[in-house]
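These are the residues of each chain, in order.
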Protein chains: 2
Amino acid sequence: MHPGKLASLLEALDSEQRQAVWQQVGDDQEAAVLRHLTPQLAATLHRDHDEPGLEEALDAGEEHLYTQISSVREALEAGKFKRIGKVFRHMHPAKAAGLLEALPPDERSAVWETLDNERAGKVLVHLHDEVRANLALEMDEDELVAAARKLDLDDLVDLIQALPKGSGRQLLLSMDEIKRQQLVAMLSYPEDSAGGLMNTDHISVRAEVKVGSILRYLRLLEDLPDHTDKVMVVDRKNRYQGVLRLSRLVTSSPDAKVSEVMDADFKPLDVELSSQEVARRFEDLDMLSAAVTNEQGELLGRITVDDVMDIIREDSDRAIMNMAGLDDEADMFAPILTSTRRRSVWLGINLITAFLAAWVIGQFQGTLEQIVALAVLMPIVASMGGIAGSQTLTLVIRGLALGQVEGGNAKALLVKEMGIGLLNGLLWSVVVAALAVIWFGSWKIGGIIAAAILLNLLCAALAGLTIPLILRRFGIDPALAGGVILTTVTDVVGFFAFLGLATLLLI
Amino acid sequence: MHPGKLASLLEALDSEQRQAVWQQVGDDQEAAVLRHLTPQLAATLHRDHDEPGLEEALDAGEEHLYTQISSVREALEAGKFKRIGKVFRHMHPAKAAGLLEALPPDERSAVWETLDNERAGKVLVHLHDEVRANLALEMDEDELVAAARKLDLDDLVDLIQALPKGSGRQLLLSMDEIKRQQLVAMLSYPEDSAGGLMNTDHISVRAEVKVGSILRYLRLLEDLPDHTDKVMVVDRKNRYQGVLRLSRLVTSSPDAKVSEVMDADFKPLDVELSSQEVARRFEDLDMLSAAVTNEQGELLGRITVDDVMDIIREDSDRAIMNMAGLDDEADMFAPILTSTRRRSVWLGINLITAFLAAWVIGQFQGTLEQIVALAVLMPIVASMGGIAGSQTLTLVIRGLALGQVEGGNAKALLVKEMGIGLLNGLLWSVVVAALAVIWFGSWKIGGIIAAAILLNLLCAALAGLTIPLILRRFGIDPALAGGVILTTVTDVVGFFAFLGLATLLLI
C-alpha cells in the first residue's frame, strides 16, 4: 500500500485500531508513512521509539535478567511489539531464550511472534526442551523449516527429538538429501550418547600431507566451523589416526609432515559413550573438542566443549529438581493442570510413607492417651533423624556421582558415618533430654527421648549410606527416590523407638 | 649400595623385612639386584610385577573408578607400594585425584608418598581444597616447592589459597621474582572473581602487524600455552583491542593485517566479575577463552573454558550439598570429629524449628488427650505441606539461579503455584479424608484433616515462593537456608491448622 494511503487510513482509525495497524507497518515503510501524517499523530505513533527505557534496561542489566523481565512485560502491556521485536533481535540468542522462559505463556507467544525465522531458530537452540517444543509448534511449518535451516546439525537433532513425532518427521523431510541422511544417521544414536551429541562439521586431513599444504587448504575454506581448535587426522579409509591442534599447526614449520606434528595419543570417544561419561572425560582431560569414532575406528564426528557445558549444567539441574520430584525440563510456566499432575505423583508417594508413619503411631494410641507429652515430643525424634540421614544420603549420592563410593570403600565410610551418628546422637540426645525434662518435669521421658534420638541417628547413618547403594544396584537414580525412602525409615524408626520405649518403661 | 651387597642383605632378612627393604629399591636397580638373588627368592620378590590385576583393573574401568578403589586398597594391604606408585604415575592426574579422595586418610597418605613431586603437583590441582591442603601439608617444604614449580599460575594461586597462611606464604617466597610478582597480583583478587580465575600465560600481538609475521612469531615460540584458541590484540599501552582466533589466523592470507582479521567486538571480562557471572558468559556466548581487563581496559590475563567447567561443577555440588547443610569442599573421609562439628550446626538449627513445632502441638495437649486419633494423623498434614512446599521452593531457587525469577514475574508465578496448591490440595485432602474416615470412622475428623491439608498446601506454595525471594533480598543463599525455614512454616501451619480446627469443632 502506498505510504500516503496508509497514512490517511491511520488518521481515519480510532487510536486503538490505529496502534494495531501501526504495529504491522514494516520498518522500511515507517519513515515514509510518518512523513504523510499530521505532526501530532506522527509524534504519538513515533513516540514509543524515541522513548528511552527498554533498550537501556536490557543493555544495562546484561549480566542479569533482573529488571529486564519487568521492562519487557511493561512494553508488552503497552503493546509495543515492534520495539520488543527489535530488542530481541539485538539480544544474544541465549539471553533471549532466558527472557522468553521467564515470561508467562501468553506473553511468551506474543514476543515469539515478533521474531523473524532466522533469529527464532537461534533462540530455539537455547530453550529447554519443553518450552522449545511448544514454541516450535506455534510456528507454521514453513516458518519452522526456515528457522531450522540455520541450525547446526547437532542442534537440529535436539530440536527434532524435542518435537512431537509428526512435526519432527516433517521437519526432517523438508531438509535436502545430504543433510537428511546425516540427520538420520545422528538420530539413530540415543540423545544422551556421544553419537547424539556429536556434530559432523569437523575438518579431517591426511597424515602424509605437509603442514604447508594444510595451511593452504584451510585458507581455501576461508572460515572454519565454530570451536575448531584441532583438525582430525584420518587414513584413506577415514579411520581415525589422531588430531592436529591448530596451536601446534601454527607453530610448526610448513615443511613438517602432519604425521610428525599430530597428536596420535589423543583418544577418540566411542560413539556409544554416555553423555555423563563424555562430560567426565572432557573435565578430566580438559579437552576443547574430541573426535567420535565407531567400533571400526572410523571418524564419525566431533563433540565440542560448549555442548559438554550444557550437559554438566543440565545434570546438576536434574539432580536438584529430582530431589523434589520435579522434571528438570519442566517449563516454569507450564499449564497449571500439567504441573499439578506431575507433582501430585510425588505427593502421592509421600502420602503412602506418611500413612506408614501414622500407622506406627496408631499402634501406640493407648500409650498416647495416658501420656500426651509423647505426642508433643515425637515429631522432634523423627525430624532429627531425617536431617542427619539426609546429610549422609547427600554425601553418598555425590560420592556415587563422582564414582568415589563403591563396595571398595563403603565399609570404611559406614564406620565413619556411624561414628558421626554416635557423637551427634550423644550430643543432641542430651540437649533434647534436658529440654524435655525442663518442659514436662519427667526424668523418664527425658531418658526415653534421648535413647530414641541416639538410636534414630544411628539408623539414619546406616540408611543414608545403604539406601543409595541399593537403589543404584537396581538402576534407580538415588537422587530421585533416596530422600523419600530415607525419611520413611527415620520417621518409622523414630516414632517406633520413642513410643515403644515409652510403652515399655512408662506404662 | 652395590646390587650384590643389597642382594645378600635381602637374603639375610626375614620375608617381612625383606619386602620392606625391597620396596625401597629403585626401579633402575631392580633388575641388577634380581640377578644376584637365588632364583626362587628373585621369583617371590619379582612376582608382584608379573601378577596381573591392578594395572588391568585400573585400565579396564577407565570410565569409572568402580572396582579400582578395591584393587588399590587390596594392593595397599599387600604392601605393594611400588606397583601402586607406578600405576598412579601412569594414570591421568584427574583420575589419580579422584581415586585418592576415595581412599580413607591413612591409605591416602600411603599412596601419596609413592608419588614423585612432579606427579604430586599435577594431582594436587585436581583435588578438592580440603584434601589438597591436607596432602600438601604432608609434604616437606622442598617437596611442596618442587611440586608447585610445575603448576600453572592459576592452579598455583588456588593451591596457595587452599594452604594455611604460613605454608602458603613460604610457598610464595620460594618462587622466583617474576613469578612471585604475578602471583601476588593474582592473589590480590578474590578467589571467586575473574581475577582469581585468570591465567597470565596469554599471547598478545599488535593490530598493525601482518598475519605472516604473527605466524613466524608463533613458530619461534614453538609451543603455545594450553587451550590457546586465540591470541589477544593490544595497543602499545597493552590496552585490549580484540582477539585474533587461531581458526581465523590459519585461514587468512599472510599479507592481511591483524586489524583486518581480528574480532574487535569480542568483549573482555572485567577483572572483578564474579565467577558465577564468568561461567554464565562462557555458557551463553559459547566461549573457549576470554580476555580479562581492568577498568583502564588493560589486558591482565585470560580465562579458559576448562576452569569454567570446574566452576559449574563446583556450583552444582555446592547447591546440592548446601541443601543438606554440608560444606561442598568437605573431604568425604574428613576426621569424624571435624565432620561431627560441621553437621551438628545444621542439626542444632533444625532442633530449634522442631521444638517450635512441638510447642505448637503442646498448645493443644487438652485436645489430644481427648482425641488421640489427632496425634496419629497430624504428621500427615505436616509432611504433605513440606513436600509440596519444597517443590515450589526448588523451582524458585533454580529460577533465581538462572535469573528467571524476580519481581517482574513473581506475581504471575505466585498465581500459578497457588493454583497448583489448590488443585493438589483438593485432590489429596479428599484422599486423606477418605482414609481417615475409614480408619477412625469419624466424618468430622475427615473434614478437619481435609481442610488442614488444603490450607497447608496453599501456605506451602506461598512460602515456597516468598522465602527464597526474601532470603535473596537479604543476601542469604536460598539453597542453604530455604529448606529449613520452609519445613518450619509447613510444620507449624500444619499442626496449628489441624489441631486448632479440631479444638474448635470437636471439643
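Keep in mind it's a predicted model, so treat the numbers as computed, not measured. (Residues numbered from 1 in each chain as written. Chains lettered and ligands numbered in written order. Predicted model: local features only at pLDDT ≥ 70, side-chain atom pairs only at ≥ 80, totals over all residues. Heavy atoms only, no water.)

Caption draft 1: Spatial organisation of the domain arrangement of chain A. Residue and element names in this part refer to chain A. Segmentation of chain A into domains returns domain 1 (3-192), domain 2 (204-322) and domain 3 (336-506). Counting residues at the interface gives four residues for domain 1, matched by seven residues for domain 2. Looking only at domain 1, the three residues that lose the most surface to domain 2 are Asp-154, Tyr-189 and Asp-192, adding up to 81% of its buried area. Linking domain 1 with domain 2 are zero salt bridges. The interface formed by domain 1 and domain 2 includes one residue pair in polar contact (both at pLDDT 80 or more). Residues of the side of domain 1 that touches domain 2, tallied by class, amount to one nonpolar, one polar and two charged. (Domains from an automatic or database assignment. Contact = heavy atoms within 4.5 Å. Buried area = accessible area lost by both parts, 1.4 Å probe. Salt bridge = Lys/Arg side-chain N within 4 Å of Asp/Glu carboxyl O. Polar contact = N/O pair within 3.5 Å; in protein donor to acceptor, adjacent residues only side chain to side chain. Nonpolar A, V, L, I, M, F, W, Y, C, P; charged D, E, K, R; others polar.)

Caption draft 2: Local environment of the sheet that holds strand β4 (residues 269-270) of chain A. All names here are of chain A. Strand order across the open sheet formed by three strands is β4-β5-β6, with mixed pairing between neighbours. The open sheet has two free edges, formed respectively by β4 and β6 (299-304), since each of these has just one partner strand. As paired elements, β4 and strand β5 (residues 289-293) share two bridges and run parallel to each other. Note that in β5 the partner of Asp-270 across the bridge is Thr-293. (Pairing = 2+ DSSP bridges. Helix = DSSP H or I, 4+ residues; strand = E, 2+ residues; numbered from the N terminus.)

Caption draft 3: The arrangement of the relation of the copies chain A and chain B in detail. Mapping chain A onto chain B calls for a screw motion: a turn of 179 degrees about the axis and a shift of 0.0 Å along it, with 0.2 Å RMSD after fitting. Classification of the inter-copy transformation places it as that of a two-fold axis. Comparing interface residues between copies, 100% of those in chain A also sit at the interface in chain B, which points to an isologous, same-surface contact. (Least-squares fit on C-alpha atoms with pLDDT ≥ 70 in both.)

Caption draft 4: Focus on the UniProt feature "domain: CBS" (unreviewed entry) in chain A. With numbering matched to this structure, UniProt assigns "domain: CBS" (unreviewed entry) to residues 262-318 of chain A. In residues 262-318 of chain A, helix accounts for 44% and strand for 23%; the two terminal C-alpha atoms are 39 Å from one another. (UniProt positions renumbered as here; feature names shortened; annotations may be inferred.)

Caption draft 5: Structural context of the pairing of strand β5 (residues 289-293) of chain B. Residues and elements named next belong to chain B. Most of β5 sits inside the fold, with five of its five residues counted as buried. Taking every second residue as pointing to the same face, both faces of β5 are buried, with Ser-289, Ala-291 and Thr-293 on one and Ala-290 and Val-292 on the other. Relative to strand β6 (residues 299-304), β5 runs antiparallel, the two being bridged by five bridges. When the bridges of β6 are listed, Ser-289 appears paired with Thr-304. Counting the residues in the hairpin turn of β5 and β6 gives five residues, including Gly-297, whose phi is positive at 80 degrees. (Buried < 20%, exposed > 50% of the residue type's maximum accessible area, 1.4 Å probe, protein only.)

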